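One-letter residues, chain by chain:
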Amino acid sequence: MKQIIKTACRACHGGCGALVTVENGVVTDLRPDPDSPLSKGRMCPKGLAGVELLYSPERLKYPMIRAGERGEGKWRRVTWDEALDYIVENVNRIRNESGPEAIVLGQGTGRHHLKHVNRFANALGTPNWMEPGTAQCFFPRVATGNLTYGTMPVVDYYGDVNPELILVWGSNPVISGADCEIQFRCRDAVQKGSKLIVVDPRRTELAEKAEYWLQLRPGTDDALAMGFLHVIIEEELYDKEFCDKWVYGLDKLAERVKEYTPKRVSEITWVPEDKIIAAARLFATTKPAGLEWGCALEHTPNCFQTVRALAILPGITGNFDIPGGWIEGGHVMPEADILIDKLPDEQGYKRIGESQYKLLAGVGGECPASHVPSLMKAMLEGDPYQIRGLMLFGNNGIISFADSQKVRKAYENMEFISCMDLFMTPTAEMADVVLPAASWLELDEVYSGPSLADHVILVQKKVAQIGECRSDEEVLCELAKCLELNYYADSVYDIFNDQLRSVGEKYPEYADLNWEKMKELSYLEFPIEYRQYEKRGRFNTPTGKMEVWSTAMEELGLDPLPNYVESPESPYSTPDLYKEYPLILTTGARSKYYFISEGRQIPRLRRRSMYPEVEIHPADADKYGIAHGDWVFIETKRGKITMKANVTDGILQGVVSCPIGWWYPEETDTGHGWNESNCNVLTSQDPPYDPNSGTYQLRGLLCKIYKNDDCKIEQRFEQSELYTRVKM
């Protein structure tokens with residue numbers, strides 16, 4: 001029997017439409033869905049590799065319990081009942097002896113199971129939930145959007161008006177769009193005529209098409225943003241009518257930015273003064289315009305004020321919530337309820353980081369998270385109390401958290417770790433029990449997208465079953481029953497129906513919407529509404545206006561205006577260190593073939609990107625005797641890794657760029673090369689931290705680079721079984 005099933009890919013955060021052919025229970029083909037309201041017949045390489053991922057021989061297929069020492073790689077297969085009983089026994093022991101706060105719930109990127117892990121943590125009674133990017137990726141932008149506008153705006157790629165200009169800052173959306181369909185939408189906009197300003201030390205595809213490409217020194221985005229604001233306010237290029245009626249605190253911002261003259265900003269950022277002025281003028285005088293920003297902005301201890309400064313730009317230039325501009329989302333369907341109101345305040349105050357980083361971890365937040373460096377300290381030192389157990393879902397923290405060596409030591413120090421994942425990762429190897437996770441072709445889910453622009457509801461459908469793999473959401477429901485938690489749902493479908501019931505409350509024509517009906521529909525698309533603040537008569541902020549001066553931050557004793565702070569490790573703040581490590585390191589570059597640390601065991605992806613490459617300018621390569629294709633060491637004061645040199649004039653001289661997420665699944669050692677090419681061996685969790693969000697420094701670090709003449713990575717890979725499949 002042959003079926004073609006309409007579903008949605010979640011190989012990343014996004015929801016590209018897919019048509020999956022199933023014959024006699026076997027998936028035989030996967031193609032983009034031309035009717036998809038978001039991706040419109042396109043998918044990225046990660047999504048197109050879904051069948052290879054599904055049937056990968058490296059997949060975890062059965063629950064396993066550790067049979068040797070931690071990290072030794074010895075396992076025994078068990079039943080699901082045995083695995084869940086083992087988890088319940090250890091969780092109950094720890095929470096009875098030390099309280100539920102001694103258990104940390106951890107996950108990786110925010111996909112289908114994101115809110116369900118939150119929900120479980122709150123039902124369990126632990127305030128300690130962590131995710132590698134919470135303070136380093138996306139949360140600061142979301143919080144900033146909420147503080148400034150009462151919502152998180154996004155570029156309008158979805159209406160009838162094409163953006164005239166897109167300011168792309170610290171982002172590479174046509175490669176690394178967190179919601180994969182944005183890759184196509186952004187490229188479409190440019191093809192239709194959108195002009196570009198790109199701020200990035202690297203030459204990206206969009207930088208090549210830009211009116212202005214500003215190659216700044218990594219870690220100085222805050223200064224450049226303040227320079228833009230200086231030009232726009234000093235030259236009165238802001239939208240006076242909008243600002244007079246709807247903006248709170250512009251006069252105070254005008255005073256703050258006076259000192260950020262283009263000349264001073266040029267000296268800080270290394271961007272020519274004339275380019276700063278011209279780019280700021282172009283943005284201010286072009287409508288409609290939007291801001292496409294990325295997590296590169298969230299990798300310094302001043303990240304919150306950096307994104308605050310940037311968030312102000314579209315608003316004061318009259319580009320907020322207009323067709324083709326920077327729009328408020330549709331909010332057509334809520335995410336799964338995380339039960340934050342069920343967590344007692346006394347537990348919330350125990351959240352690690354709660355007293356120091358209110359915007360990240362504070363009681364009263366919509367989705368508060370623990371401060372990761374402080375959690376690691378609690379794991380290692382018992383300060384402020386001992387963390388004893390970890391429950392991880394899709395969390396490869398040894399690769400994705402800063403200072404991987406510290407993370408590994410912290411995980412080694414745990415009494416108990418459970419880990420649910422698709423593959424045996426360097427992190428899963430550290431667990432006591434490993435659970436096999438379902439891939440996106442093996443689970444049901446409802447999704448509202450694109451993220452925060454959400455005007456489309458999509459259905460993800462289970463079309464296959466491999467081994468005994470289950471969805472994270474299903475397992476969390478089962479664990480809640482075993483632990484006798486009040487989970488307010490017997491199954492994931494109860495949670496889906498709660499979400500869909502809210503759609504019916506907002507749109508009466510869908511009053512009877514539930515999972516079964518939505519599954520038949522496959523997707524729903526709703527019209528975009530503009531100028532929602534005018535219809536409400538206010539912004540969703542305390543003053544009812546767009547807050548340039550943040551009253552919420554003022555109330556917390558934080559600086560209510562954006563500012564610039566030099567990174568703690570840089571040529572200017574640590575000049576002696578700069579003499580020893582004379583290059584500036586930026587980390588985190590993404591690949592269209594991999595999603596963070598995922599995918600390197602998938603042949604069709606690995607053959608397109610077999611080895612990690614560090615980008616270095618020809619002048620720097622010549623200085624250090626490095627040729628294109630050489631294996632080299634990149635070293636900071638924290639450690640060293642090795643990568644292949646990509647000698648290119650597409651990187652700012654004096655800067656090197658390392659991609660994120662590299663490990664070697666083909667390596668038979670249980671560490672799988674976790675410390676060989678992992679850029680987070682070079683990064684640090686040390687203070688200072690952003691006083692608002694607790695963010696630490698991941699970019700603008702200092703490094704040196706030199707040849708590695710004895711690298712065996714290529715030789716080892718070419719002798720592996722994976723290489724045989726890659727070359728087929």
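Residues numbered from 1 in each chain as written. Predicted model: local features only at pLDDT ≥ 70, side-chain atom pairs only at ≥ 80, totals over all residues. Heavy atoms only, no water.

Visitor: Sorry, what's going on with the overall build of the protein here?
Guide: If you tally the helices and strands in the protein, you get 28 helices and 27 strands. For a compact globule of 728 residues, the expected C-alpha radius of gyration is about 27 Å, and the protein comes in at 25 Å, within 12% of that figure. Counting only C-alpha atoms, the protein reaches 70 × 70 × 55 Å along its principal axes. Out of the 728 residues in the protein, the part that is buried amounts to 65%. Here the analysis covers contacts within the protein between residues at least 6 apart in sequence; of these, 74% occur between residues at least 24 apart. Surface summary for the protein: the accessible area is close to 26,100 Å², and the carbon and sulfur share equals 46%. Separation between the mean location of the 81 positive side-chain charges and that of the 106 negative ones in the protein comes to 3 Å. (Helix = DSSP H or I, 4+ residues; strand = E, 2+ residues; numbered from the N terminus. Rg over C-alpha atoms; globule rule 2.2 N^0.38 Å. Buried < 20%, exposed > 50% of the residue type's maximum accessible area, 1.4 Å probe, protein only. Contact = heavy atoms within 4.5 Å. Areas by Shrake-Rupley, 256 points an atom, 1.4 Å probe, with all protein chains shown as cover. Lys, Arg positive; Asp, Glu negative; His and termini not counted. Charge placed at Lys NZ, Arg CZ, Asp CG, Glu CD.)

Visitor: What exactly am I supposed to notice about the sheet that holds strand E10 (residues 195-199) here?
Guide: Within a beta sheet, neighbouring strands are joined by backbone hydrogen bonds and run either parallel or antiparallel to one another. Here we have 4 strands laid out as an open sheet, ordered E11-E10-E9-E13, and parallel in their pairing. Looking along the sheet, the strands with just one partner apiece sit at the ends: strand E11 (212-214) and strand E13 (289-293). The average angle at which neighbouring strand axes cross in this sheet is 15°, direction not considered. Bridge analysis of strand E9 (residues 165-169) against E13 gives 5 bridges, and the strand direction is parallel. Across the sheet, isoleucine 166 pairs through a bridge with glycine 290, a residue of E13. Most of the contacts of helix H12 (residues 273-284) go to E11, to which it runs at about 125°, and overall it touches E9, E10, E11 and E13. Most of the contacts of helix H13 (residues 303-316) go to E13, to which it runs at about 160°, and overall it touches E9 and E13. (Pairing = 2+ DSSP bridges. Axes fitted to C-alpha atoms, helices over the stretch in contact; angles between N-to-C directions.)

Visitor: Quick question: what am I supposed to make of the pattern of salt bridges here?
Guide: This structure, assessed with the given rule, holds 48 salt bridges. Where glutamate 598 meets arginine 111, a salt bridge forms, and the shortest distance between an N and an O atom there is 2.3 Å. Here glutamate 598 is found in the loop between strand E22 (583-589) and helix H25 (603-606), whereas its partner arginine 111 is found in the loop between strand E6 (103-107) and helix H4 (114-124), with 487 residues between them in sequence. Note on glutamate 598: relative accessible area 26%, which makes it partly exposed. (Salt bridge = Lys/Arg side-chain N within 4 Å of Asp/Glu carboxyl O.)

Visitor: Looking at this model, I keep getting lost on the sheet that holds strand E17 (residues 433-436). Mind explaining?
Guide: Pairing is mixed in the open sheet, where 7 strands are placed in the order E5-E4-E17-E16-E15-E6-E7. Strands with a single pairing partner mark the edges of an open sheet, and in this sheet they are strand E5 (75-77) and strand E7 (129-130). Here strand E4 (residues 64-66) pairs with E5 via 3 bridges, running antiparallel. Note on E5: the bridge partner recorded for isoleucine 65 is arginine 76. Its contacts with the sheet place H4 against E6, E7 and strand E15 (389-393), and it is angled at close to 175° to E6.

Visitor: Explain the layout of surface pockets here, please?
Guide: Rolled over the atoms, a probe sized like a water molecule indicates the empty space that remains. Of the pockets and cavities examined, the second largest pocket occupies roughly 630 Å³. Around the second largest pocket, the lining comprises 27 residues; the ones closest to its centre are Arg202, Arg590, Ser591, Glu613 and Glu615. Elements that contribute at least two residues to the lining of the second largest pocket include exactly strand E23 (613-616) and strand E26 (655-659). Classifying every residue of the lining of the second largest pocket gives 10 nonpolar, 8 polar and 9 charged. (1 Å grid on protein atoms, 1.4 Å probe; cavity = no way out; pocket = protein on both sides within 12 Å on 5 of 7 lines; lining within 4 Å. Points joined across faces, edges and corners; volume = space filled by probe spheres on them. Nonpolar A, V, L, I, M, F, W, Y, C, P; charged D, E, K, R; others polar.)

Visitor: When you look at a negative patch on the surface in this model, what are you seeing that I'm missing?
Guide: Judged by side-chain charge, Asp81, Glu82, Asp85, Glu89, Glu474 and Glu478 come together as a negatively charged surface patch. Looking at the negative patch, the elements with two or more residues in it are helix H3 (80-98) and helix H19 (472-482). In terms of residue count, the dominant contributor to the negative patch is H3 (4 residues). With respect to the element layout, aspartate 85 can be found in helix H3. (Patch = residues over 30% accessible without salt bridge, like charges linked within 9 Å, V, L, I, M, F, W, Y side chains within 5 Å.)

Visitor: Quick question: what am I supposed to make of the side chain of arginine 217 here?
Guide: Secondary-structure assignment places arginine 217 in the loop between E11 and helix H8 (221-234). Overall, the relative accessible area of 1% leaves arginine 217 in the buried class. A polar atom in the side chain of arginine 217 sits 2.9 Å from the backbone oxygen of isoleucine 268. The contacts of arginine 217, once residues within four sequence positions are left out, are Ile268, Thr269, Trp270, Glu566, Ser570, Pro571, Tyr572, Ile584 and Leu652. (Polar contact = N/O pair within 3.5 Å; in protein donor to acceptor, adjacent residues only side chain to side chain.)

Visitor: Sorry, what's going on with the packing of aromatic side chains here?
Guide: Each aromatic ring pair is specified by the distance between its two centres and by the angle formed by the two planes. Applying the stated criterion across every chain yields a total of 28 aromatic pairs. Aromatic side chains tyrosine 493 and phenylalanine 496 sit 5.6 Å apart centroid to centroid with 90° between the ring planes, which places their arrangement in the edge-to-face category. In this pair, tyrosine 493 and phenylalanine 496 are both assigned in helix H20 (residues 492-506), 3 residues apart and thus about one turn of the helix distant. A residue is classified by how much of its surface remains accessible, and phenylalanine 496, at 0% relative accessible area, is buried. Each ring, one from tryptophan 662 and one from tyrosine 664, has its centre 5.9 Å from the other, and the planes form 45°; the classification is tilted. Of the two residues, tryptophan 662 and tyrosine 664, neither departs from the other in class, the shared state being buried. (Phe/Tyr/Trp six-rings, centres within 6.5 Å; stacked < 30°, edge-to-face > 60°.)

Visitor: Help me out: how do you make sense of the pairing of strand E16 (residues 416-421) in this one?
Guide: In the case of a regular strand, side chains alternate between the two sheet surfaces. In terms of burial, E16 is a largely internal element, 6 of the 6 residues being buried. Neither face of E16 is open: one carries Phe416, Ser418 and Met420, the other Ile417, Cys419 and Asp421, and all of them are buried. Across 5 bridges, the pairing between E15 and E16 is parallel. Each bridged residue has a counterpart across the sheet, and for leucine 392 the counterpart in E16 is cysteine 419.

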